[in-house]
Amino acid sequence: MFVTSRHSEYLDCEGAKSVFKVSLHGRQLSSIPCFRQTYLTGIGSGLAAGLTTFMMTSRPRTASHVAFGTFFTTTLGYWFYCRYTFARASFHHRQLKHAMKQHILTEGTDDDVVGVPEGGAAPPTRPEIADA
């Protein structure tokens, strides 16, 4: 079930900005990653394919079938592609966040691997230690 609501956000003294929010089963559609871009891409490609088909064949029924089919396949294909790249980026983000936390915990200890050369021995940090 779609639920819609209008909210006004006042911007300075110039007037109000109207925001139209749509919910599906209690979840804001604008909060779903890839939702907006996927549907805009699907609508644009379906419209372009339908208009091109109508201009070529002059058959409105065929053009509407092509438009809907193109909209459906483009939306579905782009949705899976976008969600896959979003999940992959989210996974890499979590890995990087974990690695940064681990680096903070091990910085300056014997477990610190940053700055250690290939041979395994850490370079001396003070010149008087290098001379000894």
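Residues numbered from 1 in each chain as written. Predicted model: local features only at pLDDT ≥ 70, side-chain atom pairs only at ≥ 80, totals over all residues. Heavy atoms only, no water.

1. A closer look at helix α1 (residues 35–57)
Residues spaced three or four apart along an α-helix face the same direction, because each turn holds 3.6 residues. The end-to-end C-alpha distance of α1 is 33 Å, a good match for the 33 Å that 23 residues give at a rise of 1.5 Å each. Among the residues of α1, Thr 38, Gly 42, Gly 46, Ala 49, Gly 50 and Thr 53 are the ones counted as buried. Phi turns positive one or two residues past the end of α1, at Ser 58, with a value near 60 degrees. (Helix = DSSP H or I, 4+ residues; strand = E, 2+ residues; numbered from the N terminus. Expected span 1.5 Å × (residues − 1). Buried < 20%, exposed > 50% of the residue type's maximum accessible area, 1.4 Å probe, protein only.)

2. A closer look at the side chain of Thr 75
As for its placement among the helices and strands, Thr 75 is situated in helix α2 (residues 60–106). Within the local environment of Thr 75, its side chain forms a polar contact with the backbone oxygen of Phe 71, the two atoms lying 2.7 Å apart. Once you skip the residues sitting within four places of it in the chain, Thr 75 turns out to touch Thr 38, Tyr 39 and Gly 42. (Polar contact = N/O pair within 3.5 Å; in protein donor to acceptor, adjacent residues only side chain to side chain. Contact = heavy atoms within 4.5 Å.)

3. Some remarks on the UniProt feature "transmembrane region" (unreviewed entry) in the protein chain
Taking the UniProt record as the reference, the feature "transmembrane region" (unreviewed entry) is found at residues 62–81. A helix fraction of 100% and a strand fraction of 0% characterise residues 62–81, whose end C-alpha atoms lie 28 Å from each other. (UniProt positions renumbered as here; feature names shortened; annotations may be inferred.)

4. Quick notes on the state of the cysteines
In total, this model carries 1 disulfide according to the counting rule given. Put simply, Cys 34 and Cys 82 are joined by a disulfide, and their sulfur atoms are 2.0 Å apart. Classification of the bridge connecting Cys 34 and Cys 82 rests on its S-S torsion, roughly -80 degrees, and on that basis the disulfide is left-handed. Separated by 48 residues along the polypeptide, Cys 34 in the loop between β3 (27–28) and α1 and Cys 82 in helix α2 bring together distant segments of the chain. For the pair Cys 34 and Cys 82, one class covers both residues: buried. (Disulfide = S-S within 2.5 Å.)

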